[in-house]
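Coordinate analysis (summary)
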Amino acid sequence: MGPRVRTGVLLVMWALVLWGVFEAGGGVVRHGLSPAVECSWINVGPDGEEHPSPMGPGDRCYRRDGGHRTYEEQRAAQRAERDDIVAGSWVLGAGVLGLGALSLHRRLGSPTGATGPRE
C-alpha cells in the first residue's frame, strides 16, 4: 500500500471514529439511554403547572426553540436517539478496527516487500 493510499485510508478511518463519537455522544446527551421520558427545559403537566422531569402522560415539554412536544412525541424522540447511539457505536467500532488493521499492516510490513527489507 502506497503512502498516499495509506494516508487516505487513515483519514477515512479517523473520520469514522469522530463521526461515531459525535453520533453516539449526541444520542446520550439527548436522553437516548434514559428509561424515563425526560424534558430538558420546561415540563408542564395537565393541570397547567410546571413539574420536574420525568414527564408523565398528559404532560407537555416546552423546548428552547419555542416548540413543544407531548409526552408521546417526546417519548418517540428519545427512542429515536437510541438508534443514533447504536449507529454511532457501530461506526466508531468500524473506525477503530480500521485503524487497528492499518497499524498492524504497517508493523508487520506488506507481504510483497513494498515497505523495504526488514533487518
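Heads up: these notes are all about the structure in this document. Computed from a prediction, not measured in an experiment: that's the story for all the values here.

Each value, and the rule that gives it
Residues numbered from 1 in each chain as written. Predicted model: local features only at pLDDT ≥ 70, side-chain atom pairs only at ≥ 80, totals over all residues. Heavy atoms only, no water. Pairing = 2+ DSSP bridges. Helix = DSSP H or I, 4+ residues; strand = E, 2+ residues; numbered from the N terminus. Axes fitted to C-alpha atoms, helices over the stretch in contact; angles between N-to-C directions. 1 Å grid on protein atoms, 1.4 Å probe; cavity = no way out; pocket = protein on both sides within 12 Å on 5 of 7 lines; lining within 4 Å. Points joined across faces, edges and corners; volume = space filled by probe spheres on them. Nonpolar A, V, L, I, M, F, W, Y, C, P; charged D, E, K, R; others polar. Parallel < 35°, antiparallel > 145°, perpendicular 65-115°, else oblique. Left-handed = near helix turned anticlockwise from the far one by under 90°. Contact = heavy atoms within 4.5 Å. Core = buried A, V, L, I, M, F, W, Y, C linked by side-chain atoms within 4.5 Å. Buried < 20%, exposed > 50% of the residue type's maximum accessible area, 1.4 Å probe, protein only. Salt bridge = Lys/Arg side-chain N within 4 Å of Asp/Glu carboxyl O.

The strand order β1-β2-β3 describes an open sheet built from 3 strands, whose pairing is antiparallel. The sheet terminates laterally at β1 (42-44) and β3 (68-70), the two strands that pair on one side only. On average, adjacent strands in this sheet sit at an angle of 20° to one another, irrespective of strand direction. In the sheet, strand β2 (residues 60-62) pairs with β3 via 3 bridges, with the strands oriented antiparallel.

As a further point, take the layout of surface pockets. Rolling a probe over the atoms, with the probe sized like a water molecule, indicates the empty space that remains. Here the largest pocket is characterised by a volume of approximately 200 Å³. Lining the largest pocket are Val29, Arg30, His31, Ser40, Cys61, Arg63, Arg69, Gln74, Ala77, Gln78 and Glu81. Per-class residue counts for the lining of the largest pocket are 3 nonpolar, 4 polar and 4 charged.

At a minimum axis separation of 7 Å, helix α1 (residues 3-29) and helix α2 (residues 71-108) run at an interaxial angle of 155°. As summarised for this structure, α1 and α2 are arranged roughly antiparallel, according to the angle between their axes. Judged by the twist between their axes, the crossing of α1 over α2 is left-handed.

As a further point, take the environment of Leu92. Among the structural elements, Leu92 can be located in helix α2. The spacing of Leu92 and Gly56 is 36 residues in sequence and 34 Å in space, taken between C-alpha atoms. Contact partners of Leu92, with chain neighbours within four places excluded, come to Leu16, Val17, Gly20 and Val21.

One finds Val37, Cys39, Met55, Cys61 and Tyr71 forming the largest nonpolar core, which totals 5 residues. If we skip the residues at most four places from it in the chain, Cys61 touches Cys39, Ser40, Ile42, Met55, Gly67, His68, Arg69 and Gln74.

This paragraph deals with the pattern of salt bridges. By the definition in use, this model includes 3 salt bridges. The partner of Arg30 in a salt bridge is Glu81, with the nearest N and O atoms 2.9 Å apart. Taken as a pair, Arg30 in the loop between α1 and β1 and Glu81 in helix α2 lie far apart in primary sequence, 51 residues in all. With a relative accessible area of 44%, Arg30 lands in the partly exposed category. The residue Asp84 makes a salt bridge to Arg30 at a minimum N-O spacing of 3.8 Å. Taken together, the residues Asp84 in helix α2 and Arg30 in the loop between α1 and β1 connect sequence positions 54 residues apart.

Once that is clear, we can look at unusual backbone geometry. Going from Ser53 to Pro54, the amide bond is cis rather than trans, its omega being 10°. Along the chain, Pro54 falls in the loop between β1 and β2. Positive phi, close to 65°, is recorded for His31, a residue that is not glycine. Relative to the helices and strands, His31 resides in the loop between α1 and β1. Exposure remark for His31: the relative accessible area of 27% places this residue in the partly exposed category.

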